[in-house]
Amino acid sequence: MIDPTRATASSLLAEQEAGRVTAEEICRAYLERIERLDGQVKAFLRVDADAALAAARAVDRRRRAGERVGALAGIPVAIKDNLCTRGELTTCGSRMLANYRPPFEATVIGKLRAADAILIGKTNLDEFAMGSSTENSAFGASRNPWDLERTPGGSSGGSAAAVAADLAPLAVGSDTGGSIRQPAALCGIVGLKPTYGRVSRYGLVAFASSLDQIGPFGHDVRDTALLLGVIAGRDAADATSVDEPVPDYLARLDEAPEGLRLGLVREFFGEGLDAEVEAAVREAVRVYESAGAVVKDVSLPHSRYGIPAYYIVAPAECSSNLARYDGTIFGHRAENYEPRTAEEESIPPLIRMMMASRSEGFGSEVKRRIMLGTFALSAGYADQYYNQALKVRRLIRNDFDAAFREVDVLVGPTSPTPAFRFGEKASDPLAMYLSDIYTVTTNLAGIAGISIPCGLTRAQLPIGLQLLAPAFAEERLLRTARVFERATDWHQRRPNLAS
Amino acid sequence: MDYTLIIGLEIHVQLQTESKMFSASGTDFGLPPNTQTDPVSLGLPGTLPVMNRRAFELALKTAVALNAEIAPFTKWDRKNYYYPDLPKNYQISQYDLPFSRGGWLEVPPRKDGTGGGRCRLVRVHLEEDTGKLIHGNGGWSEVDLNRAGIPLLEIVTEPDLRSAQDARACLEELRLTLRYLGVSDCEMQEGSLRCDANVNIHIEREGKTIATPIVEIKNLNSFRSVERAIEYEGQRQYRAWLADGLTIKDAPKQTRGWDDEEGVTKPQREKETAADYRYFPEPDLVPVVVDAAWLERVRGSIGELPRARRERFEREHQLSAYDAGVLVEQGKEVADYYEAVGEALLARDGSAPGEVRKLAANWVTQDVLRIAKERKLEIGQFPVAAEVLAELLHRVRTRQVNTNQGREILSKLVEGEGTLEAIIAAGGYGMVTDRGALAKTIEEILAANPKALEDLKNGKKKPEAVKGWLRGQVMKATGGKADAVLVGELLEARLASEPGGSG
């Protein structure tokens, strides 16, 4: 028998089909590895071994009975803890929702269950998906399997670390400004942010509604495409999901796009880009050239306004989305909200309760963004900030439209640096925000992006290559990524994790 | 007092839909607290709103009926504020691109012909309703979210109204119109129609017009309180101006609440801070595009509105303004019933249509509505079909039964005592129209009651009084079956020959 924790999801499907391994064996292997290693990695917030094994055994029974099984039958999938799972804790990495059990299920979770995937556990994240390192989680940071002294990136750091450490072959994350692609890059795996509207957001606890998108993690492009195919599609419960047919992403995956034209984004090679990252990305571009792609220099002139625009739009929406956490209906409610100062005496008890609950329930980054967003939307400031950011957003979208008239896919680094140490950026919000400098514009424009492993630094830290495609061109994006993967073996590298 | 009231109304109307504005939860009134909720209307994390297309269409229908201009492109916005009856702490509403602008409502004049006229609208927009706070015992407040998320139409008028009566009439006409459209039940008691009034007064002094500070009156829970509160507020503002001389330039808009028991408006505590709702486009919803075909479909579904119907009843049916008003104000079903009775009567005998309509109108406004009211019945539940009433009225008209008998028969029909034919047969209804027999009865009564003619002769009683008494005696003698018109003629002729009997 193969070691299921060293296999891809695609091969595990084939092995089960051939009767060489059962879903239960796969599940046990991963649970055992989680038991052994997650104490170091801390990718998971919760693992429900009993439920996972029961689901795996049910798949085995149905397979034995000759029944049809789903596209992810018996494959363990790790779930970022901002996706609602019915009756199970869904904390968003926040003290505010530490005891929150949604009475309903996210559409994506329903699709995974319908595909017979095994939901093996909920993974760590920056609180409410706000951050780039998981250091903002109320339940402690996850660690990068390649170097336990470093962060796995974020906000979907737990999901990325879980796949990188072979604690699950597949994982689901969410990407608002790079929260899938950046941790995928820092953990040496594949992560894809679908086009806005490609995957239903119903049941994803909102951070910034116009930017949030759920997406897949895998060890390679095939696994990532497999998972995307399961979760994509229009959903009546999400008005912003788009009624575009979902192609079979696997059917022509190994066919290189014909006459592929790659655009090297000039603005993605500026100040702050780590030299080793730049070298690896330029090398990757040469790989594409060798494979017959035409590479052109392109410009996205408004990219430099990406971070400022993003850090107005996202906090603005966040300030409104997170207003509901006031201790009234659900979530954390402060026990003591007696006035502490003479000034507070005049505040009605209800307001004091809300204030105390929010003060206690939210971490500092979440509070920072709520304040930023509240300010940006305030009367007298909205025109300077929020409305200005919307204009920039339009310009950024126009930049991409123009670039995609010249080339099929854009290419550049995913993150300016490899994985950073704990605390390195945590005390400097701006430095942390710049970690997403190459990823936020994708979300502002609503287009699709993927990060794939393209090298290791001398210190053996993974480097990610980012590829971007127009809206709903995920198939092109995946096939383009696969061109690189077939020519290299970076996706097969694994971290050394001592047990 | 020499001032003019300047009034604008801000009206909220709950639309009658099966489900809420943005979720599948039900909308019934009066259920136990928090039983009409779902994850979306509770604002649970992870939920998303989805627009109720039916609600949007009802809103569209209303705005078109109110002559508003419909925007081809409209979007949703978030209105952000913290309040416990608002589960998400933002309300999905419409800010800078409402689905409609402008429009007007024709306010009918008073019965004496004064007042009324066109009241222009600023805009009509759609939003979700909030929940309700119930201030309970022990300093705690309870939150009921059954109402949260119900489709709510906001209608804002220009300050075109000039009297408390007109404000009330405007609101009543709006209710009638919305009920005709079938978009809302508009029950003020249940809160499906709510109204705030913005009021100030213009005082003429030495050729100049002085405007007092504007007051928004809240807590208006009935049509009567709308009228009373505005009337009161005008007087209060006048007194206040006499005392402090403050004008619109000296004071910001103030909020006062109407106290129905005391009959006064009282200052209400203003919101903690100046309202900054931080509006921004709702990212969870997509804009709505209203194309010409959709608009045409909606236009086609509107039908005849109260004002047009009143005019048609006066013009085509030759009803008095009063009768037309009563029939239309009672609601669409009553007017429909009246029309059906009239049509069925005309189908039997098409002569003198004006008289026929008047007969139908009289019976419906007097008898049918009285019985329905006594029995607390909607007209739709009235046990006598329009066709049956028409047959009965046909017999009254052709003098087969008299009016009093007709009333009795109608009561028996309502009681369910049988078909019209059966009741007439069983009750022996039918009129005594034999001139000779009735004349004989009159002579018998006069012979038995000589005092009647004596009273007439010595002027102790007026001829009309004697005639009335005699008519009653004739009816009594004939078991109520005498043809009252004929009896009248005979008595007239008979008494004219007596001393003191003419005139």
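Remember, it's a predicted structure, so these values are computed and weren't measured experimentally.

Reading guide: rules and limits
Residues numbered from 1 in each chain as written. Chains lettered and ligands numbered in written order. Predicted model: local features only at pLDDT ≥ 70, side-chain atom pairs only at ≥ 80, totals over all residues. Heavy atoms only, no water. Phe/Tyr/Trp six-rings, centres within 6.5 Å; stacked < 30°, edge-to-face > 60°. Helix = DSSP H or I, 4+ residues; strand = E, 2+ residues; numbered from the N terminus. Buried < 20%, exposed > 50% of the residue type's maximum accessible area, 1.4 Å probe, protein only. Pairing = 2+ DSSP bridges. Axes fitted to C-alpha atoms, helices over the stretch in contact; angles between N-to-C directions. Contact = heavy atoms within 4.5 Å. Core = buried A, V, L, I, M, F, W, Y, C linked by side-chain atoms within 4.5 Å. Domains from an automatic or database assignment. Buried area = accessible area lost by both parts, 1.4 Å probe. Parallel < 35°, antiparallel > 145°, perpendicular 65-115°, else oblique. Nonpolar A, V, L, I, M, F, W, Y, C, P; charged D, E, K, R; others polar.

J.: Got a minute to help me understand the packing of aromatic side chains in this structure?
T.: Pairs of aromatic rings are described using the distance from one ring centre to the other and the angle between the two planes. Scanning the model with the defined rule gives 25 aromatic pairs over all chains in all. With 5.0 Å between their ring centres and 75 degrees between their planes, B:Phe313 and B:Tyr338 make a pair best called edge-to-face. Of this pair, B:Phe313 sits in helix α5 (residues 306-315) while B:Tyr338 sits in helix α7 (residues 332-348); the two residues are 25 residues apart in sequence, bridging distant segments of the chain. For the residue pair B:Phe313 and B:Tyr338, the accessibility class agrees, reading buried in each case. The structure contains a cluster of three or more aromatic residues connected by ring pairs, namely A:Tyr100, A:Phe128, A:Tyr325, A:Phe330 and A:Phe362.

J.: What am I meant to see in the sheet that holds strand β9 (residues 409-413) of chain A here?
T.: Two strands in a sheet stick together by hydrogen bonds in their backbones, pointing the same way (parallel) or opposite ways (antiparallel). Residue and element names in this part refer to chain A. Here eleven strands make up an open sheet; going across it, the order is β1-β3-β2-β4-β6-β5-β10-β11-β9-β7-β8 and the pairing mixed. Since the sheet does not close on itself, it has two edges, and those belong to β1 (44-47) and β8 (294-298), each with one partner. Going across the sheet, the axis of each strand differs from the next one's by a mean of 30 degrees, ignoring polarity. By the bridge criterion, six bridges tie strand β4 (residues 170-175) to strand β6 (residues 213-218) in an arrangement that is antiparallel. Bridging from a neighbouring strand, Leu-170 pairs with Gly-218 of β6. Contacts from helix α12 (residues 386-406) reach β7 (261-265), β8, β9 and β11 (462-469), with the element oriented near 115 degrees to β9.

J.: How should the nonpolar core be read in this particular structure?
T.: What tends to happen in soluble globular proteins is that the nonpolar side chains get buried as a cluster. Of all hydrophobic cores here, the largest spans 153 residues; its most connected members are A:Leu72, A:Leu112, A:Phe128, A:Tyr288, A:Leu410, A:Ile452 and A:Leu467. For A:Leu467, the residues in contact, after removing those within four places along its chain, are A:Tyr288, A:Val409, A:Leu410, A:Val411, A:Ala448, A:Gly449, A:Ile450, A:Ile452, A:Leu477, A:Thr480 and A:Ala481. Residues B:Leu105, B:Leu174, B:Ile217 and B:Tyr232 belong to the second largest nonpolar core, which totals 72 residues.

J.: Would you mind showing me how to read the domain arrangement of chain B here?
T.: Note on interface size: it is often stated as the accessible area lost on association of the parts. All names here are of chain B. Along its sequence, chain B is carved into domain 1 (4-294), domain 2 (306-427) and domain 3 (435-496). For domain 1 versus domain 2, the separation of C-alpha centres amounts to 38 Å. The interface is formed by seven residues belonging to domain 1 together with ten residues belonging to domain 2. Of all residues in domain 1, Lys-111, Leu-176 and Tyr-180 give up the largest surface area on contact with domain 2, accounting jointly for 69% of the area buried on that side.

J.: What exactly am I supposed to notice about the environment of B:Gly26 here?
T.: All names here are of chain B. In this structure, Gly-26 sits in the loop between β1 (3-14) and α1 (53-65). Sequence separation of Gly-26 and Thr-37 is eleven residues, and the distance between their C-alpha atoms is 7.4 Å. Those residues in contact with Gly-26 that lie beyond four places of it in its chain are Glu-18, Lys-20 and Gln-36.

J.: When you look at the pairing of β1(B) in this model, what are you seeing that I'm missing?
T.: As a general feature of sheets, a regular strand has side chains that alternate between the two faces. Residues and elements named next belong to chain B. Burial analysis of β1 places eleven of its twelve residues in the buried class, the great majority of the element. Both β1 and strand β12 (residues 193-205) contribute to a ladder of eleven bridges, which runs antiparallel. Opposite Gly-8, over in β12, you have Asn-198 as the bridge partner. Examined bridge by bridge, β1 and strand β11 (residues 151-157) share five bridges and lie antiparallel to one another. When the sheet's bridge partners are listed, Gln-14 is paired in β11 with Leu-152.

J.: Which parts of the structure should I look at to understand the sheet that holds strand β4 (residues 77-80) of chain B?
T.: Within the open sheet, the three strands sit side by side as β5-β4-β17 (chain B). Their pairing is antiparallel. Every interior strand has two partners, whereas the edge strands, β5 (90-93) and β17 (280-281) of chain B, have only one.

J.: Mind showing me how you'd approach the packing of helix α1 (residues 9-17) of chain A against helix α7 (residues 221-231) of chain A here?
T.: To characterise two packed helices, one gives the angle between the axes of the helices and the distance between these axes. All names here are of chain A. Contact pair α1 / α7: the axes reach a minimum separation of 8 Å and the direction vectors enclose 75 degrees. Taken together, the axes of α1 and α7 are roughly perpendicular relative to one another. Within the contact between the two elements, α1 uses Ala-9, Ser-10 and Leu-13 and α7 uses Arg-222, Asp-223 and Leu-226. A per-class count over the contact of α1 with α7 returns three nonpolar, one polar and two charged.

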